[in-house]
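# Structure at a glance
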Amino acid sequence: MTKKKVDLFDLYAEDPEKADRVVFGRVSNPDRRGFLKGAGLATMAAALGGYIPFHRNMPAGFIPAAMAEEPFVIEGKDGLTILNDRPVNAECPAHLLDDEVTPTNRLFVRNNGIPPSSMDPDSWTLTIDGEVDQPMELTIAELKDKFDVVTRQLQLECGGNGRSFFDPKARGNQWTVGAVGACNWTGVRLADVLNAAGVKDSAVYTAHYGADAHLSGDPEKLPISRGVPIAKALNPHNLIAFEQNGEPIHPMNGAPLRLVVPGWPGSCSHKWLTRIQLRDQVHDGAKMTGKSYRVPEYPVAPGEDVPEEAFKIIESMPVKSLITYPQSGIELPASEPVLEVRGHAWAGDNWVTAVDLSIDFGATWIKTNLRKPANPYAWQHFAAELKFPMKGYYEVWARATDDQGRTQPFAIAWNPKGYLNNSMHRIALRVV
Ligand SMILES: Nc1nc2c(c(=O)[nH]1)N[C@H]1C(S)=C(S)[C@@H](COP(=O)(O)O)O[C@H]1N2
Ligand SMILES: [Mo]
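Residues numbered from 1 in each chain as written. Chains lettered and ligands numbered in written order. Predicted model: local features only at pLDDT ≥ 70, side-chain atom pairs only at ≥ 80, totals over all residues. Heavy atoms only, no water.

On to the site of ligand 1. With respect to spatial proximity, 19 residues lie near ligand 1, and among them Phe108, Asn112, Asp212, Arg258 and Lys271 are the closest. Here a nitrogen atom of ligand 1 and a backbone polar atom of serine 269 are 3.0 Å apart. Within the side chain of lysine 271, a nitrogen or oxygen atom sits 2.5 Å from an oxygen atom of ligand 1. Summarising the interface, the protein chains cover 100% of the accessible area of ligand 1, which totals 530 Å² for the free molecule. A class-by-class count of the residues in the shell around ligand 1 yields eight nonpolar, seven polar and four charged. (Near = heavy atom within 4 Å. Polar contact = N/O pair within 3.5 Å; in protein donor to acceptor, adjacent residues only side chain to side chain. Areas by Shrake-Rupley, 256 points an atom, 1.4 Å probe, with all protein chains shown as cover. Nonpolar A, V, L, I, M, F, W, Y, C, P; charged D, E, K, R; others polar.)

Dropping the structure here:
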């Protein structure tokens, strides 16, 4: 067993008081902490990457600016909150998702393994095989040349988005609300490519493969290999994409080629895509079996132990909405207590028919102006002007309804792995 080395950066991020004790020594009165010396000075210097010539001038209990900063950044992904750096997982705060089309730097990153070191679009190939008449191997240039190239705004949401609100906690990335986005994707239709290969009657499921490596480094193991039923695969809105918002795909979002299978868990949208195999049975690749991306097929009580046989594969994602303006926590002057609240809503394979807002903890609801999506599977924008009757603390709640008559719940439909939390989004504000 190896003990994970925790450096001062991690320690300051996780437990600032403890880090302070390590560096400045144990003192009960923080004003009387000693100056940096001995082991404390050596630890601090090691963490900062060099001797500190003027360390005698550092105030007691001082946290260097280098440590107060985010210790890890993903290039081209400013503003995201990093949940994990191995594998990389980062989400976008709600108020930074306000754009109608999600900018690339705001699209969350969910990696299960280690991204490939080479993402060269010129040498990249995609293999289509399995239950097809004509297996194919295509370069990206051939995909562009042989098939219709289309651009669509498509929503992508991790199946575990909202997991951090589960009680009891569910293991896995503790996403709050920001593992979701809707970029413009350019590519060819998955259906066109599969039809060109000739889908045999025996094909029932797809199996997706990519170039990322398992965290263990074991080449025999795959970080993830999921798939969808053939009927979903043939939906004309799925893309094999090579551009994100009019530019090459961001390296962390699957460059140079990825699947976008909107409306289903993000895990169906394979990044760094190298192969799609058609299978004559439900795919049993990594994270397809057991309890991965599966939920109990009946409602369960929070914390209930559910037998594995009772789990079913998640398909369409549920109806959901996100308030992206204003940012939670703002203050509004009582002299003008009026505010336009806006955001987006989406509903898996379905349509959103209404988004309502409440400022009185759900007692009454206010209709919003809800727009049609730019195209099927794009998210829909809502806005409403709200007036607050007097000074005080308010919450704005948002509740979307889909064309099947399903509405977002207030309470979480708890499940053991923390999936599909579509409970209402709430923001706080004060009229002062
Ligand atoms: N090759 C590969 N594809 C992948 C993943 C991965 O780890 N490896 N993660 C999946 C999951 S769980 C999600 S939610 C989406 C996230 O896409 P994004 O990182 O571009 O936002 O990618 C999916 N495709
Ligand atoms: Mo995911």
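This part is about the environment of aspartate 284. Tracing the sequence through the fold places aspartate 284 in the loop between strand 12 (273-279) and strand 13 (294-296). Sequence separation between aspartate 284 and arginine 226 is 58 residues; the distance between their C-alpha atoms is 7.7 Å. Aside from chain neighbours lying at most four places away, what touches aspartate 284 is Arg279 and Thr289. Polar side-chain contacts of aspartate 284 include one of 2.6 Å to the side chain of arginine 279. (Helix = DSSP H or I, 4+ residues; strand = E, 2+ residues; numbered from the N terminus. Contact = heavy atoms within 4.5 Å.)

Moving on, we get to the packing of aromatic side chains. Counted according to the given criterion, the structure contains six aromatic pairs. Ring-pair connections join several aromatic residues into one group, and the members of that group are Phe361, Trp397 and Phe410. Across the ring face of tyrosine 209, the terminal group of arginine 275 is positioned such that the distance to the ring centre comes to 4.8 Å. Lying across the ring of tyrosine 325, arginine 342 places its NZ or CZ 4.4 Å from the centre. (Phe/Tyr/Trp six-rings, centres within 6.5 Å; stacked < 30°, edge-to-face > 60°. Lys NZ or Arg CZ within 6 Å of the ring centre and 35° of its normal.)

Turning our attention to the sheet that holds strand 12. Here we have four strands laid out as an open sheet, ordered 5-4-12-8, and mixed in their pairing. This sheet does not close on itself; its edge strands, each paired only once, are strand 5 (136-139) and strand 8 (205-210). Strand-to-strand, the axes of this sheet are offset by a mean angle of 15 degrees, without reference to chain direction. Both strand 8 and strand 12 contribute to a ladder of six bridges, which runs antiparallel. Within the sheet, the bridge partner assigned to alanine 207 lies in strand 12 and is glutamine 277. (Pairing = 2+ DSSP bridges. Axes fitted to C-alpha atoms, helices over the stretch in contact; angles between N-to-C directions.)

With that out of the way, let us pick up the pairing of strand 12. Burial analysis of strand 12 places five of its seven residues in the buried class, the great majority of the element. Judged from the four bridges that link them, strand 4 (residues 125-130) and strand 12 form a sheet pairing that is parallel. Bridge pairing in strand 12 links glycine 130 to leucine 278. (Buried < 20%, exposed > 50% of the residue type's maximum accessible area, 1.4 Å probe, protein only.)

This paragraph deals with the pattern of salt bridges. Here the structure, examined in full by the defined rule, presents 13 salt bridges. Arginine 189 serves as the salt-bridge partner of aspartate 192, at 3.2 Å between the closest nitrogen and oxygen. With a shortest N-O distance of 3.5 Å, aspartate 356 and arginine 399 are connected by a salt bridge. Taken as a pair, aspartate 356 in strand 18 (residues 352-358) and arginine 399 in strand 22 (residues 392-402) lie far apart in primary sequence, 43 residues in all. In the salt-bridge network here, residues are joined through shared partners; they are Asp98, Glu340 and Arg342. (Salt bridge = Lys/Arg side-chain N within 4 Å of Asp/Glu carboxyl O.)

This brings us to helix 6 (residues 190-197). Residue pairs three or four apart in sequence face the same way in an α-helix, which turns once every 3.6 residues. If you check which residues of helix 6 are buried, you get Leu190, Ala191, Val193, Leu194 and Ala197. For helix 6, the buried positions fall inside an angular range of 165 degrees around the axis, keeping them on one side. Glycine 198 occupies a position one or two residues after helix 6 and carries a positive phi of about 85 degrees. (Arc of directions from axis to C-beta.)

Another aspect to go through is the pairing of strand 17 (residues 338-346). Looking at chain direction, strand 15 (residues 320-325) and strand 17 are connected through five bridges and run antiparallel. Residue tyrosine 325 lies in a different strand from strand 17, and its bridge partner there is arginine 342. Two strands pair when backbone bridges link them, and strand 17 and strand 21 (residues 380-387) are joined in this way by eight bridges, in the antiparallel orientation. What sits directly across from glutamate 340, in strand 21, is glutamate 385.

We now examine the sheet that holds strand 20 (residues 369-370). Taken in spatial order, the four strands of this open sheet run 15-17-21-20, and their pairing is antiparallel. The sheet terminates laterally at strand 15 and strand 20, the two strands that pair on one side only.

Let us look at the confidence of the model for the chain. Residues with a pLDDT of 70 or more make up 90% of the chain, whose mean pLDDT is 92. The model gives residues 1-6 a pLDDT under 50, and that stretch makes two contacts with residues more than four places away or in other chains. Low confidence marks residues 26-30, where pLDDT is under 50. Its contacts with residues over four positions away, or in another chain, come to three contacts. (pLDDT = per-residue confidence, 0-100.)

Our next topic: the nonpolar core. One finds Leu126, Ile128, Leu143, Val193, Ile240, Leu257 and Ile276 to be the most contacted residues of the largest nonpolar core, which totals 29 residues. When residues of this core are traced back to their parent elements, those giving at least two are strand 4, strand 5, helix 5 (140-146), helix 6, helix 7 (230-233), strand 9 (239-244) and strand 12. Residue contributions to this core peak at four residues, all from helix 6. With sequence-adjacent residues up to four places away left out, leucine 257 is seen in contact with Trp124, Leu126, Ile140, Leu143, Ile240, Ala241, Phe242, Ile249, Lys271, Trp272 and Leu273. Residues Val341, Ile359, Phe382 and Ala400 belong to the second largest nonpolar core, which totals 22 residues. (Core = buried A, V, L, I, M, F, W, Y, C linked by side-chain atoms within 4.5 Å.)

With that settled, consider helix 3 (residues 38-48). Gly40, Leu41, Met44, Ala45 and Ala47 are the residues of helix 3 that are buried. Projection of helix 3 onto a plane perpendicular to its axis shows the buried side chains occupying an angular sector of 165 degrees, all on one side. Away from its buried face, by an angle of more than 90 degrees, helix 3 presents the exposed residues Gly38, Ala39 and Ala46. With its phi angle positive at about 85 degrees, glycine 49 sits one or two positions after the end of helix 3.

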